[in-house]
Structure formats: structure tokens, C-alpha cells
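Survey of secondary and tertiary structure
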Amino acid sequence: MADRKIIAVVGATGAQGSGLVRAIQGDPSGGFVARALTRNVNSDKAKELAKLGAEVVTADVDDEASLERAFRGAHGAYCVTFYWEHFSPDRERAQAAAMAKAAKRTAVSHAIWSTLEDTRRWVPVDDDRMPTLLGSYKVPHFDSKGESDRYFTEAGVPTTFLLTSFYWENFIYFGMGPERGPDGKLAITLPMGDRKLPGIATEDIGRCAYGIFRKGAEYAGKTLGIAGGQLTGAEMADAFTRALGQEVRYNDVPPDVYRGFGFPGAEDLGNMFQFKRDFADYFCGARSVDFSRALNPALQSFEVWLERNKARIPLE
Ligand SMILES: NC(=O)c1ccc[n+]([C@@H]2O[C@H](COP(=O)([O-])OP(=O)(O)OC[C@H]3O[C@@H](n4cnc5c(N)ncnc54)[C@H](OP(=O)(O)O)[C@@H]3O)[C@@H](O)[C@H]2O)c1
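Below you will find a few notes about this structure. (Residues numbered from 1 in each chain as written. Predicted model: local features only at pLDDT ≥ 70, side-chain atom pairs only at ≥ 80, totals over all residues. Heavy atoms only, no water.)

To continue, consider a nonpolar patch on the surface. Together, Val257, Phe261 and Phe263 line one region of the surface with nonpolar side chains, adding up to about 250 Å² of accessible area. Secondary-structure assignment places Phe263 in the loop between helix H9 (255-259) and helix H10 (266-278). (Patch = residues over 30% accessible without salt bridge, like charges linked within 9 Å, V, L, I, M, F, W, Y side chains within 5 Å. Areas by Shrake-Rupley, 256 points an atom, 1.4 Å probe, with all protein chains shown as cover. Salt bridge = Lys/Arg side-chain N within 4 Å of Asp/Glu carboxyl O. Helix = DSSP H or I, 4+ residues; strand = E, 2+ residues; numbered from the N terminus.)

Structure follows, in C-alpha cells:
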């Protein structure tokens, strides 16, 4: 163990981080060992990671000193923020800056920053194709991540900027699964028109990240996008129909309607889907499935993910 390189994993009990910890610990001869960062080392999830042989330590992304303690001695750091816990771009930027500074101070050799596009490069704030949110954002939870890339660059931390994709688990946990309409038929609702949506099983994000750490310096300074599949709403509905054995339709709504759904974050997500729809060639092009499979040979397609997870999809 002493000669294994430590990867400090922020969000280790969460979707992205736990996949990375499991990928590292699942490959004992791979030369790496995971250090799992959590706010509560006594939680069930934290204890599960300890059972896998990961070192489990306390850290909070709002507390730079705790990050510095947790990154010390690590070869690599997986850095991710938790926008939906606070809905604040300012706080997300501060957390990213704290991770970049901690990585710099502890001389981490390779960071992965789980980022997304600053959509204002495509749709400036004064462009009225979609509403401006929170004063100066188009897709707040994307824009603040993209804006934060510079913290890592300016600090001089060797960083891979990882563009993730829509979690297919959103169909389980995020209220996006098939719902019955007034006609009693199941449908998934997305404002994507006929454009393809890159998506991924969350555990595959961690596995791809592990592939990046294994490659090392070759990917430092690079922006890499990952996806397990790229499907239209209609293609996803067809896959649901086959997996569930009952008809699931694709309910294509205009982004304006989606923005008006009223749940927390609906406007942000409405703008996000509109961005993905209107710039689909760029967005899909930046997230190669073949490249993701090269990083992670176990990469799941939507059909495979669905087959493994269909029992967990709540059907109303
Ligand atoms: N949903 C999607 O489709 C999607 C797609 C791409 C990107 N994203 C982005 O993914 C990010 C979230 O990553 P995730 O899904 O892996 O998170 P997650 O599953 O919600 O996990 C969050 C974990 O992070 C830890 N955490 C929360 N606040 C923390 C803090 N202040 N300090 C340290 N740890 C903290 C928690 O662990 P403890 O309680 O153990 O501390 C929790 O287990 C969001 O920013 C989101 O925008 C989401």
C-alpha cells in the first residue's frame, strides 16, 4: 500500500466520487489507493468505502484548510462541487477555488476538475434566446463550473477538465422518470426536440476518471468529455418501452414550458436542455462515447444501464 499513489476523492460518498473510489479499490494492482473525503466518516456510506480499503477522512469543500489536510501527500485529487445542495453559483465558485488552492499548496501532481461548459460563450447574457437567471447566468449550474476552470489553470495545477454528461440516474432520483399522463400512458418529458442527449451511468463517470488518472500527465491540461451514449428523447422512450415491457412515449415540450414546471431548478434545467438542443453538434461532439469506452472498457450503454436498473425506476 505504501508504494501506491493516493487519489483524494471529493464527494466520495456521492454519485461521481463513489464510482471513482470503487474503481480504484477494485483494481488493487493498479498502483493507486483512494482517500475518500466526507463530512461524516461515521455515515453508512463512508463506512462502506472504508470496508473497500479506502482511507476515509473528514473534509468540507467550504473549508479550505480541511481540503488542504485531506489533499496532503496525495498524488491526485478528484474535485467536484454540489450545486444542487445550495443553488448558489457564488458558493460553487468559492468551493472550486478552495479545491484549486488546496491542490496547489499540497503540490498535487494531477487534479481532475468535474466541470461543465460556461454556456455564456455560446449564448451571451444579453442574448434573449433564453432568459438570464440570477442576474448574470444562462445555465447557472453549468456557467459557474465553467467559470471556475480558471482557478485551476491560474493556480498552475496540472488539471484535466472533465465534461460530464446527464446522469441516467436522473430517471430514478431526480423526478425525470416516466410519468403517466391524463391518458394513462407513460411518457418521459424533455425539451430536446429531435436532438441527441449525451448521458452516462454515474458509476461510469468515476471509472472514466480512474482511466484518466491512470493515463496521468498525458491528459493534464486537457478538456475531456465523456458519455455512455447519445440518444434522442424518442430513442430513450423506445428503450424504456422495450425494457419495461409497456409503452413509454417521448413528450417533447418547448423549453419555455419546461422552465415553467415550477420545481426548484426548473428554469436552470430548461435553459440547460435548450443549450444542449440548440448546440447539439458541439455538445455531442465534445463527449465521445468511443473515447469514454477507451478510458473505461466497462462503459454501459443506455440499454445495458436500463436493463440493470429498471426495477429501481419509480413508475407513477
Ligand atoms: N445530475 C446530473 O445529471 C449531473 C450531470 C453532470 C454533473 N452534475 C453535477 O454533479 C455535481 C454533484 O456531484 P454528485 O452527483 O457526485 O454529488 P452527490 O451524489 O449529490 O453527492 C454529494 C456528496 O458530496 C458530499 N458533499 C456535499 N456537500 C459537501 C461539502 N460541503 N463538502 C464536502 N462534501 C460534500 C456528500 O457527502 P458527505 O455527506 O459524506 O459529506 C455527498 O455524498 C453537481 O454540481 C451537479 O451539477 C450532475
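Picking up where we left off.
Once that is clear, we can look at the nonpolar core. Ranked by internal contacts, the top residues of the largest apolar core, which has 59 residues, are Leu20, Leu37, Leu67, Phe71 and Tyr78. For Leu37, the residues in contact, after removing those within four places along its chain, are Ala8, Val9, Val10, Gly11, Ala12, Val57, Ala59, Leu67, Ala70 and Phe71. Core analysis: the next-biggest nonpolar cluster, separate from the first, contains 37 residues, Val139, Met176, Met192 and Phe279 among them. (Core = buried A, V, L, I, M, F, W, Y, C linked by side-chain atoms within 4.5 Å. Buried < 20%, exposed > 50% of the residue type's maximum accessible area, 1.4 Å probe, protein only. Contact = heavy atoms within 4.5 Å.)

Another point: the packing of helix H8 (residues 233-244) against helix H13 (residues 302-309). At a closest axis distance of 10 Å, the pairing of H8 and H13 adopts a crossing angle of 40°. The orientation of H8 relative to H13 falls into the category oblique. The chirality of how H8 crosses H13 is right-handed. The residues of H13 that touch H8, namely those facing Met236, Ala239, Phe240, Arg242 and Ala243, are Phe302, Glu303, Leu306 and Glu307. Residue classes in the contact of H8 with H13 are distributed as 6 nonpolar, no polar and 3 charged. (Axes fitted to C-alpha atoms, helices over the stretch in contact; angles between N-to-C directions. Parallel < 35°, antiparallel > 145°, perpendicular 65-115°, else oblique. Left-handed = near helix turned anticlockwise from the far one by under 90°. Nonpolar A, V, L, I, M, F, W, Y, C, P; charged D, E, K, R; others polar.)

Before going further, it helps to spend a moment on the packing of aromatic side chains. Under the definition given, this model contains 25 aromatic pairs. Residues Phe171 and Phe302 carry aromatic rings whose centres are separated by 6.0 Å and whose planes lie at 55° to one another, so their mutual orientation is tilted. Here the residue Phe171 occupies a position in helix H6 (residues 170-173), and Phe302 occupies one in helix H13, the gap between them amounting to 131 residues. On the basis of relative accessible area, Phe302 is assigned to the buried category, the value being 1%. Relative to Phe263, the ring of Tyr258 has its centre 6.0 Å away and its plane inclined at 90°; by these criteria the two rings are edge-to-face. Judged by relative accessible area, which is 3%, Tyr258 ranks as buried. (Phe/Tyr/Trp six-rings, centres within 6.5 Å; stacked < 30°, edge-to-face > 60°.)

A few words now on the sheet that holds strand E12 (residues 229-231). Spatial strand order, E7-E10-E12: 3 strands in an open sheet with mixed pairing. Edge positions in the open sheet fall to strand E7 (166-167) and E12, since each of these has one partner strand only. Here 3 bridges tie strand E10 (residues 197-200) to E12, and the two strands are oriented antiparallel to one another. When the bridges of E12 are listed, Leu197 appears paired with Leu231. (Pairing = 2+ DSSP bridges.)

In this section: the packing of helix H1 (residues 15-25) against helix H7 (residues 202-215). Their axes nearest at 7 Å, the elements H1 and H7 cross at an angle of 55°. Judged by the inter-axis angle, H1 sits oblique to H7. For the pair H1 and H7, the sense of crossing is right-handed. For the pair formed by H1 and H7, the contact residues are Ala15, Gln16, Gly19, Leu20, Ala23 and Ile24 on the first element and Thr202, Glu203, Ile205, Gly206, Arg207, Ala209, Tyr210 and Phe213 on the second.

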